[in-house]
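# Observations on the three-dimensional arrangement
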There are 2 protein chains.
Amino acid sequence: MHLSKFSTWRHCPSPCTLSRNLSNTIRAFAAAASPPSKALVYEQHGSPDQVLRMVDLPPVEIKENDVCVRMMASPINPSDINRMEGVYPVRPEVPAVAGYEGVGEVHSLGSAVSNLAVGDWVIPSPPSFGTWQTYIVKEESAWHKVSKDIPMEYAATITVNPLTALCMLENFSELTYGDSIVQNGATSIVGQCIIQLAKIKGVSSINIIRDRLDSEEVKEKTKKLGADLVYTESQLSVKNVKSLLDGIPEPLLGFNCIGGDSASLVLKFLRQGGTMVTYGGMAKKPITMSTSSFIFKDLSLRGFWLQKLMSSDSTMVCRPKMDYLLNLVQSGKLKYEMELAPFSDFNIALQKAMGKHGRHPKQVIKF
Amino acid sequence: MHLSKFSTWRHCPSPCTLSRNLSNTIRAFAAAASPPSKALVYEQHGSPDQVLRMVDLPPVEIKENDVCVRMMASPINPSDINRMEGVYPVRPEVPAVAGYEGVGEVHSLGSAVSNLAVGDWVIPSPPSFGTWQTYIVKEESAWHKVSKDIPMEYAATITVNPLTALCMLENFSELTYGDSIVQNGATSIVGQCIIQLAKIKGVSSINIIRDRLDSEEVKEKTKKLGADLVYTESQLSVKNVKSLLDGIPEPLLGFNCIGGDSASLVLKFLRQGGTMVTYGGMAKKPITMSTSSFIFKDLSLRGFWLQKLMSSDSTMVCRPKMDYLLNLVQSGKLKYEMELAPFSDFNIALQKAMGKHGRHPKQVIKF
């Protein structure tokens, strides 16, 4: 395995090789490097459960503005899988440590760090490549302190999915009390967050789920989250879906994470002048719309990509939104299902995340 | 033929049936009605050359705020055809006088009209149903005075096509000097206007035309109008169309009036964050775009419909734009091909407009 990229990181000298009267200097110097890190690394692109291995990385120097964080938890998002597969448009060069978001505890600080203390919980903001390892060293400005009063798996996952849901609800239309939205993929974590965040804004949600054996059970669960209407795709193969609105106004905004026919179902609900935002393509099929829907119904089709948003205005815009979302978690108004997986069992968690063992909640690696 | 709708229009009484000492009153009253109108009327939807007939309509009362206009010219637009066919989403109830825009000369005025004079040239603004007739009576506010220093066929056609081109260039992106746009259907009148209006704004145009026998001739003609690049669809069946840009920057804005594969060619040119506006669907095929183009390339798909825009802000926003366009015509900076057709030969003009006799320039009925 070639890890030449990582070998440029500075090794921590062994204190026993140095004389006693230098012990103060030694201690200071030893404190200025991270512990060695256990990392999940892929050297080439491919199926994640084939290419990912646990590797020991040498200590990293902690400069005066750096913060060394002991990672506590990090989720397996679909985009992590796609990066390892090599099909995601923006991805680190191999060899690379996998992972993109997570939460950790401050382990040690550079001398000029002023706003963080050992023991604080922090998340990388904007999220960045390489969170699937036990120790990370980054400049103070790259970390955002979060409350320790929430389960760590929420802090670990607050950026990619809940922030996508919040930004999509706020960035495309001026939704107001009494409005409604429609979405497919309503059982995904983003979908669950959209339902709950819409409800908090006084906005109703119309939710489309795939047909499955336990459809009724899933509908009930989704309604308990706050969904106003939940339909399976087959229930929507009627000419006039508007008859199914049950008093809810036609939605101005729709969200699509599937594509193909499922995207067309979202479009069928939209009101004159409405917008559908695509943020995923689980069906791997394109989105198709008629000319008349563009011209006479004035529908707009847009896309959303959190990674692009985060790269441009993470600190000013996104951090307050993340704090808002974490507050909602703390007060019990935002929740979603996750499953913590021990670091050593990362391969089983990966396979679950890839759908190789049936349906499982979002997998979150606990280091 | 049932024209009960029109029979409610007030008939002009014959002066000879009235006594002499009422002659002043008679003259005043006679002046307060339009001449009878010869109109192109359809009683049912169908192929325009089958359902349209010339009909005599009775005089119409001219109220104090009304203006009676002798129509001079009115074009046959594709939307006129679609309205007669009954496939246009907003259309008058049958029986109806056809036509939607045009130009006329003020023939007589109601007593309270203050800003128009007999002989003025006026266009209906917003355009409205029923312009294919010799006399129209409408309130003063429904008419917009235009210069008499331009060929009447330009005044007759300035609203639907050139205004669409101008609004599409201005309403979707902030184009600036050195930017570029891409469009299909570049030989249409809207297409020709986009080329010339873009050039005036310092914006380059990349133009896509259908493959045809005289492609090279059409390319030369289009370049003479101001087109920077002109490609046939088959020339664009390369993997990387960006290699064909020849120094022109990737376009931020694209226009599609065809749909299907031709729309996809427009999309191939757009830069990151670009927008394609659909305003027609000549191929009668939908628009399809990949999920990744929405998410990672951040492309937006929108639609434009002049009729909706005109209905909301015609006077304040659209009239100054029409004046601007007519000034460009007057100074020779905006031109497009038209063919005047005598009113009596309306059926031949209709068939030409419907493409039944090969390619012809825009048909404009001269009353």
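What counts and what doesn't
- Each chain has its residues counted from 1, following the order in which its sequence is written.
- The lettering of chains begins at A and the numbering of ligands begins at 1, in the order of writing.
- For a predicted model such as this one, the threshold for reporting local features is a pLDDT of at least 70, and the threshold for listing and counting side-chain atom pairs is 80 or more; totals across whole chains, interfaces and linings nevertheless cover every residue.
- The basis for every side-chain value is the complete set of non-hydrogen atoms in the structure, without hydrogens or water.
- Helical segments are the DSSP runs of H or I of at least four residues, strand segments are the runs of E of at least two, and each set is numbered from the N terminus.
- What the globule rule says is 2.2 Å times the number of residues to the power 0.38, and the radius of gyration is computed from C-alpha atoms.
- A contact between two residues is defined here by any heavy atoms of the two lying within 4.5 Å.
- The Shrake-Rupley method, run with a 1.4 Å probe, gives the accessible areas here. Residue values count only the displayed protein chains as cover.
- This count recognises Lys and Arg as positive and Asp and Glu as negative, with His and chain-terminal groups excluded.
- A charge is said to be at NZ when it belongs to Lys, at CZ for Arg, at CG for Asp and at CD for Glu.
- Only protein chains enter the accessibility calculation, which uses a 1.4 Å probe. A residue is then buried if its area is under 20% of the maximum for its type, exposed if over 50%, and partly exposed in between.
- When two rings of Phe, Tyr or Trp (its six-membered ring) have centres within 6.5 Å they constitute a pair, described as stacked for plane angles under 30 degrees, edge-to-face for angles over 60, and tilted for the intermediate range.
- Whenever Lys or Arg places a side-chain nitrogen within 4 Å of a carboxyl oxygen from Asp or Glu, that contact is recorded as a salt bridge.
- Note: pLDDT gives the predictor's confidence per residue, expressed from 0 to 100.
- Summed over both partners, the accessible area (1.4 Å probe) lost when two parts come together is defined as the buried area.
- Two strands qualify as a pair provided that DSSP identifies no fewer than 2 bridges between them.
- Whether a crossover is right-handed depends on one test, that the path from the first strand over the helix to the second runs clockwise when the strands point away from the viewer.

A word on the overall build of chain A. A tally of helices and strands in chain A yields 12 helices and 17 strands. Compactness check: chain A gives a C-alpha radius of gyration of 23 Å against a globular reference of 21 Å for 367 residues, within 12% of the reference. Each principal axis of the C-alpha atoms in chain A carries an extent, and together these give about 85 × 40 × 40 Å. Considering only contacts in chain A between residues 6 or more positions apart, those separated by 24 or more positions represent 73%. When the accessible area of chain A is evaluated, it comes to approximately 16000 Å², of which 52% is carbon and sulfur surface. When the 39 positive and 35 negative side-chain charges of chain A are each reduced to one mean point, those points stand 1 Å apart.

On to the side chain of Asn77 of chain B, then. Residues and elements named next belong to chain B. As for its position among the elements, Asn77 is in the loop between strand E3 (66-75) and helix H4 (78-85). Judged by relative accessible area, Asn77 falls into the buried class, the value being 2%. In this structure, Asn77 is in contact with Glu101, Val160, Asn161 and Lys362, ignoring residues within four places of it in sequence.

Okay, unusual backbone geometry next. Generally, phi is negative for residues other than glycine and the peptide bonds are trans, each holding for most cases. All names here are of chain A. With an omega dihedral of 0°, the bond running from Ser125 to Pro126 counts as a cis peptide bond. Structurally, Pro126 can be placed in the loop between strand E6 (121-124) and strand E7 (135-139). Even without glycine at this site, Asp298 takes up a positive phi of about 55°. Take Asp298: it is sitting in the loop between helix H10 (291-295) and strand E15 (300-303).

Before going further, it helps to spend a moment on the packing of aromatic side chains. A full pass over the atoms with the stated rule returns 14 aromatic pairs over all chains. Relative to Phe304 of chain A, the ring of Phe172 of chain A has its centre 6.3 Å away and its plane inclined at 80°; by these criteria the two rings are edge-to-face. Placement of Phe172 of chain A in the loop between helix H6 (160-171) and strand E9 (180-184) and of Phe304 of chain A in the loop between E15 and helix H11 (306-330) is noted, with a sequence separation of 132 residues between them. A single burial state applies to Phe172 of chain A and to Phe304 of chain A, both of which are buried. Relative to Phe367 of chain B, the ring of Phe343 of chain B has its centre 4.8 Å away and its plane inclined at 70°; by these criteria the two rings are edge-to-face. Taken together, the positions of Phe343 of chain B in the loop between strand E16 (338-342) and helix H12 (346-353) and Phe367 of chain B in the segment after strand E17 (362-366) put the pair 24 residues apart, joining distant regions of the chain. No difference in accessibility class separates Phe343 of chain B from Phe367 of chain B, as the two residues are buried.

Any two side chains of opposite charge can pair, given that their charged atoms come close. Overall, the coordinates contain 28 salt bridges over all chains when judged by the stated rule. Note that Lys321 of chain A is salt-bridged to Glu170 of chain A, the shortest N-O span being 3.3 Å. Remark: Glu170 of chain A occurs in helix H6 and Lys321 of chain A occurs in helix H11; sequence separation between them is 151 residues. Here Glu170 of chain A falls in the partly exposed class, since its relative accessible area comes to 35%. The closest approach of N and O atoms between Lys38 of chain B and Asp56 of chain B, which form a salt bridge, is 2.8 Å. Here Lys38 of chain B is found in strand E1 (residues 37-42), whereas its partner Asp56 of chain B is found in strand E2 (residues 52-57), with 18 residues between them in sequence. A relative accessible area of 56% means that Asp56 of chain B is categorised as exposed. Taken together, the salt bridges that share partners define one network made up of Glu170, Lys201 and Lys321 of chain A.

Turning next to the confidence of the model for chain A. Averaged over all residues, the pLDDT of chain A is 91; the fraction at 70 or higher stands at 91%. Predicted as a complex, the structure gets a pTM of 0.89 and an ipTM equal to 0.88.

So, on to the interface of chain B and chain A. The interface of chain B with chain A comprises 26 residues on the first partner and 26 residues on the second. Surface buried jointly by chain B and chain A totals about 2100 Å² across both partners, of which 64% is contributed by carbon and sulfur atoms. Looking at the side of chain B facing chain A, the largest losses of area belong to Phe294, Ile295 and Phe296 of chain B, adding up to 27% of the total buried there. The interface formed by chain B and chain A contains 2 salt bridges.

In this section: the sheet that holds E1 of chain B. The 3 strands are arranged E2-E1-E4 (chain B) in an open sheet whose pairing can be described as antiparallel. A single partner strand is all that each edge strand has here, and the edge strands are E2 and strand E4 (96-97) of chain B.

Turning our eyes to something else, we now look at the pairing of strand E10 (residues 204-209) of chain B. Residues and elements named next belong to chain B. E10 sits mainly inside the fold: 6 of its 6 residues count as buried. In E10, alternate side chains face the same way, and those of Ser204, Ile206 and Ile208 on one face and Ser205, Asn207 and Ile209 on the other are all buried. Bridge count for strand E9 (residues 180-183) against E10 is 4 bridges, and the pairing is parallel. When the bridges of E10 are listed, Gln183 appears paired with Asn207. Of the strand pairs in this sheet, E10 and strand E11 (residues 229-232) are connected by 4 bridges, and their pairing is parallel. Within the sheet, the bridge partner assigned to Ile208 lies in E11 and is Tyr231. Tracing the backbone out of E10, into helix H8 (residues 215-225) and back to the parallel element E11 gives a crossover that is right-handed.

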